[in-house]
Amino acid sequence: LSSSYSEEQPYLTITTYAESTIVAAGDGTVVTVASDEIYHHIIEIEHESGYKTRYLCHQEAGVEVEEGAQVHAGDLLLTISADDTKMDYQVLNADGPIDPLSVIDAKG
């Protein structure tokens, strides 16, 4: 982890290396595959539990999913192309962002 979750930064930042793979944290439907001025790749998955997860990649990577795809925990989402690629990971519920580590701890 490169950074911790906070109200000012409502996500975790992870530093990855070339040929790393980013996988789905849980079962769900890919609702967004996009980019913007900050992120080369944005993948958002909606889960049956009402949670959403966002995978926000700062550098170029190989996208392995399409909008509308059904994914299962462990399914490949992105393949990282370069060392020191920054990935932001965000978990949301109806009230907004929550600390991803609190959900991991809750599940054991």
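Heads up: the structure comes first, above all this text.
Residues numbered from 1 in each chain as written. Predicted model: local features only at pLDDT ≥ 70, side-chain atom pairs only at ≥ 80, totals over all residues. Heavy atoms only, no water.

1. A closer look at the sheet that holds strand E6 (residues 61-63)
(1) Moving on: Read from one edge to the other, the open sheet built from 3 strands follows the order E2-E8-E6, with strand pairing classed as antiparallel. Because the sheet does not close on itself, it has two edges, and the strands there are strand E2 (21-23) and E6. Direction aside, neighbouring strands of the sheet carry axes that sit 20 degrees apart on average. (Pairing = 2+ DSSP bridges. Helix = DSSP H or I, 4+ residues; strand = E, 2+ residues; numbered from the N terminus. Axes fitted to C-alpha atoms, helices over the stretch in contact; angles between N-to-C directions.)

2. Notes on the packing of aromatic side chains
(1) Moving on: Across all of its chains, the model carries 1 aromatic pair by this definition.
(2) Moving on: Between the aromatic rings of Tyr55 and Tyr89, the centroid separation amounts to 5.3 Å while the plane-to-plane angle is 50 degrees, which identifies the pairing as tilted. Of the two residues, Tyr55 sits in strand E5 (residues 52-57) while Tyr89 sits in strand E9 (residues 85-93), which places them 34 residues apart along the sequence. In this pair, the class of Tyr55 matches that of Tyr89, namely buried. (Phe/Tyr/Trp six-rings, centres within 6.5 Å; stacked < 30°, edge-to-face > 60°. Buried < 20%, exposed > 50% of the residue type's maximum accessible area, 1.4 Å probe, protein only.)

3. A short note on the side chain of Thr13
(1) Moving on: For Thr13, the position within the fold is in strand E1 (residues 12-16).
(2) Moving on: By relative accessible area, which is 10% here, Thr13 ends up buried.
(3) Moving on: There is a polar contact of 3.1 Å between the side chain of Thr13 and the side chain of Ser3.
(4) Moving on: Beyond its immediate sequence surroundings of up to four residues, Thr13 is in contact with Leu1, Ser2, Ser3, Lys86, Met87 and Asp88. (Polar contact = N/O pair within 3.5 Å; in protein donor to acceptor, adjacent residues only side chain to side chain. Contact = heavy atoms within 4.5 Å.)

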